[in-house]
Amino acid sequence: MLWERYVFRRGNEVHELWDGLFGSRNLRLLYIGGRGFDVRTQAAMRELVTSLQTAGRNLTFAKLLLVSFSDYELSADLRELTENNAAALKALFGPLGDSQEITIGSSSNGEEEVSASVALTVGLKQVLDLANNYTDIILDVSSLPRVGYLAILTGLLDTLVPNKSLSTDGGSALQANNINLQVLVAEDANLDGNILAEDPSNDLVVVPGYSGIMHAESVKEWPVVWFPILGENRVSQLQKIMTLAQIPASAEICPVLPHPSRNPRRADDLLVEYTEPLFKSRRTPTTNILHVNESQPFEAYRQLLEAMQRYQISLQILGGCRLLVTPLSSKLITLGAGLACFEMKTANLEAGYGVTIPYAEPKRYVANVNELVNSRPELASLLLTGEAYA
């Protein structure tokens, strides 16, 4: 297990992490964030910039990379909030360094339209091409769409940790030449549940690097194990993914629910919401349900990883299995799922299994501007690579 030991901090503990992490090193910092309407990302950036400035760090170079997605329909209020948010982020980061923007979308470069998966692959390459020669890379997922930050997260990990086995000197592969990859989250799970994702696309998108088992004819007969990670107001997305990814009637379905949660009834409410598509239509046994801590991404990582490994071993007798993970929940759980998929990923299908992350991206997001502006998120940090894992 790669993150048997891990570094995860919340609230004021994040500043203690930064004190030890940044120290007196010469820092070359890349900050990757979303050019979206979710203003929670300002809270995360403000905390970081203040910490760097007040502690007088040796910051030799810094860049802000804002990633936008062009294929969404937003209300006039959310479009205005998006522009204001981008301006605020650039102003906050200004004392540290310059900003650059990248747009990802089916026709974002003015060329002929491409599929969502191809657009995501092209956009990810742009991001990774810019993520060179830095000592510290921070991925702020607070204002990035789910499929976007999963692609960037797993892409960065593929680059920094090309070999997931232990290094020859007994250290962890996560040391990654002492490059620190940190994920910041301004977390408010209740607000995540209130942001409506509507009109899911008819174009299935798969996170780049995880599409092999979706297309290989040689594995069509392998049994499917599907892990839908359930969140509020995502039933239409789940049903669309079920159709587009061609989840067979024979599939083993293992719903993932948040428990414990700040709302003690959240898991029960989600069971009611998803009763028809999962438990009535598909007759999913309730014994298949996995519970993961809403506020602990590494517990979600551990639970999902161990479940996938159990199915991988038990289904070897049938030749192999296809493991599908569909994240529809709040940010910290989704990050844990991304880490589990990264660890399970194989270079080829000779291992007798494969993992994929199929998704149907919504065409339209609906959110209450007042709820966004008045949210009081808690800052969380996941340090995934670097000297801490030496």
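Residues numbered from 1 in each chain as written. Predicted model: local features only at pLDDT ≥ 70, side-chain atom pairs only at ≥ 80, totals over all residues. Heavy atoms only, no water.

### Things to note about the overall build of the protein
Basically, it comes down to this: Runs of E in the DSSP output that reach at least two residues are strands. Runs of H or I that reach at least four are helices, and both are numbered from the N terminus. Only C-alpha atoms enter the radius of gyration, while the globule expectation follows 2.2 Å times N to the 0.38, with N the number of residues. In this analysis, two residues are considered to be in contact whenever any of their non-hydrogen atoms come within 4.5 Å of each other.
On a plain count of helices and strands, the protein comes out with 13 helices and 17 strands. Here the protein has a C-alpha radius of gyration of 20 Å; the compact-globule value for 390 residues is 21 Å, and the two agree. Dimensions of the protein, computed from the C-alpha atoms along their principal axes, are close to 60 × 55 × 50 Å. Look at the contacts in the protein between residues 6 or more apart in sequence, and 89% of them connect residues 24 or more apart.

### Remarks on the packing of helix α5 (residues 146–160) against helix α12 (residues 331–344)
Short version of the rule: Angles run from 0 to 180 degrees between N-to-C directions of axes, and those axes are lines fitted to C-alpha atoms, restricted for helices to the stretch in contact. Note on terminology: angles under 35 degrees are roughly parallel, angles over 145 are roughly antiparallel, angles of 65 to 115 are roughly perpendicular, and the others are oblique. For any pair of crossing helices, the crossing counts as left-handed if the nearer helix is rotated counterclockwise from the farther one by less than a right angle, and right-handed if it is rotated clockwise. Any residue outside Ala, Val, Leu, Ile, Met, Phe, Trp, Tyr, Cys, Pro, Asp, Glu, Lys and Arg is labelled polar, Gly included; the first ten of those are nonpolar and the last four are charged.
For the pair α5 and α12, the least separation of the axes is 10 Å and the interaxial angle reads 40°. Regarding the angle of α5 to α12, the classification is oblique. Helix-helix and strand crossings are classified by hand; for α5 and α12 the assignment is right-handed. Listed contacts from α12 to R146, Y149, L150, L153, T154, L157 and D158 of α5 are K331, T334, L335, G338, L339 and F342. Of the residues belonging to the contact of α5 with α12, the class tally is seven nonpolar, three polar and three charged.

### Here's the deal with the packing of aromatic side chains
Given two aromatic rings, their pairing is described by the distance between the two centres and the angle made by the two planes. Selection criterion: Within 6.5 Å between ring centres, the rings of Phe, Tyr and Trp (the latter by its six-membered ring) count as paired, and their orientation is classed by plane angle as stacked under 30 degrees, edge-to-face over 60, tilted in between. Residue exposure (1.4 Å probe, protein chains only): buried if accessible area is under 20% of the type maximum, exposed if over 50%, otherwise partly exposed. Two limits define a charge over a ring: the Lys NZ or Arg CZ must be within 6 Å of the ring centre, and within 35 degrees of the ring normal.
Enumeration according to the criterion identifies 11 aromatic pairs in this entry. Taking 6.3 Å as the distance between ring centres and 65° as the angle between the ring planes, the aromatic pair formed by F8 and F298 counts as edge-to-face. Taken together, the residues span a long stretch of sequence, with F8 in strand β1 (residues 7–10) and F298 in helix α11 (residues 297–314) at a distance of 290 residues. On the basis of relative accessible area, F8 is assigned to the buried category, the value being 11%. On the basis of relative accessible area, F298 is assigned to the buried category, the value being 2%. Three or more aromatic residues link up through ring pairs in this structure, and these residues are W3, Y6, F8, F298, Y301 and F342. Here the basic side chain of R28 rests over the ring of Y134, its NZ or CZ set 6.0 Å away from the ring centre.

### A word on the pattern of salt bridges
Should the charged atoms of two oppositely charged side chains come close, the side chains can pair. Heads up, the rule is: Salt bridges are defined by distance alone: a side-chain nitrogen of Lys or Arg within 4 Å of a carboxyl oxygen of Asp or Glu.
Evaluation of the coordinates by the stated rule reveals 18 salt bridges. A salt bridge links R40 to D192; the shortest N-O distance between them is 2.7 Å. Highlighted residues: R40 in helix α2 (residues 40–54) and D192 in helix α6 (residues 189–194), separated in sequence by 152 residues. Of the two residues, R40 and D192, both sit in the buried class. In this structure, the salt-bridge partner of R265 is D269, at a minimum N-O distance of 3.8 Å. With a relative accessible area of 38%, D269 lands in the partly exposed category. Linked through salt bridges whose partners overlap, the residues forming this network are R35, E83, K90 and E101.

### Some details on the state of the cysteines
Counted only if it meets this: Throughout, disulfides are identified as pairs of cysteine sulfur atoms within 2.5 Å of each other.
Taken as a whole, this structure holds zero disulfides when the rule is applied. A disulfide-free cysteine, C254 has its sulfur positioned 11 Å from the sulfur of C321, the nearest such atom. With no disulfide of its own, C341 lies closest to C321 among cysteine sulfurs, the gap being 13 Å. By relative accessible area, C341 is classed as buried at 1%.

### A word on the environment of N348
Condition: For this analysis, a polar contact is any N or O atom pair within 3.5 Å, provided that within protein one partner can donate a hydrogen and the other can accept it, and provided that sequence-adjacent residues contribute only side-chain to side-chain pairs.
Note that N348 resides in the loop between α12 and β14 (353–356). When the C-alpha atoms of N348 and I213 are compared, they prove to be 9.5 Å apart, with 135 residues separating the residues in sequence. A distance of 3.0 Å separates the side chain of N348 from the backbone nitrogen of E350, its partner in a polar contact.

### Let's talk about a nonpolar patch on the surface
In plain terms, the rule: Excluding any residue in a salt bridge, patches collect residues exceeding 30% relative accessible area, merging like charges within 9 Å and nonpolar Val, Leu, Ile, Met, Phe, Trp and Tyr side chains within 5 Å. Only the protein chains shown count as cover for residues, and the accessible areas themselves come from Shrake-Rupley with a 1.4 Å probe.
Taken together, the side chains of V114, V118 and V122 make up a nonpolar region of the molecular surface, amounting to roughly 210 Å² of accessible area. Relative to the helices and strands, V118 resides in helix α4 (residues 116–130).

### Observations concerning α11
Just so we agree on the cut-off: A helix is expected to reach a length of 1.5 Å times the quantity of its residues less one.
Counted at 1.5 Å a residue, the expected span for α11 with its 18 residues is 26 Å, and the 26 Å between its end C-alpha atoms agrees. Two or three places before F298, at the opening of α11, Q296 has a side-chain oxygen 2.8 Å from that residue's backbone nitrogen.

### Let's talk about the side chain of T326
Topologically, T326 is positioned in strand β13 (residues 321–327). When its relative accessible area of 0% is taken as the criterion, T326 is described as buried. A polar atom in the side chain of T326 sits 2.9 Å from the side chain of W226. Apart from residues no more than four positions distant in its own chain, T326 is found in contact with W226, F227, P228, I229, I241 and P358.

### Quick look at helix α3 (residues 76–93)
Filter applied, for reference: Here the arc refers to the set of directions running from the helix axis out to each C-beta atom.
The terminal C-alpha atoms of α3 lie 26 Å apart, and with 18 residues this matches the ideal 26 Å at 1.5 Å per residue to within 8%. Buried within α3 we find L78, L81, T82, N85, A86, L89, L92 and F93. The buried residues of α3 occupy an angular sector of 140° when projected down its axis, which confines them to one face. Turned more than 90 degrees away from the buried face of α3 sit D77, E80 and A91, all of them exposed. Where α3 is buried, its residues meet β2 (26–34), α2, β3 (58–69), β4 (98–104), β16 (362–366) and α13 (369–374).

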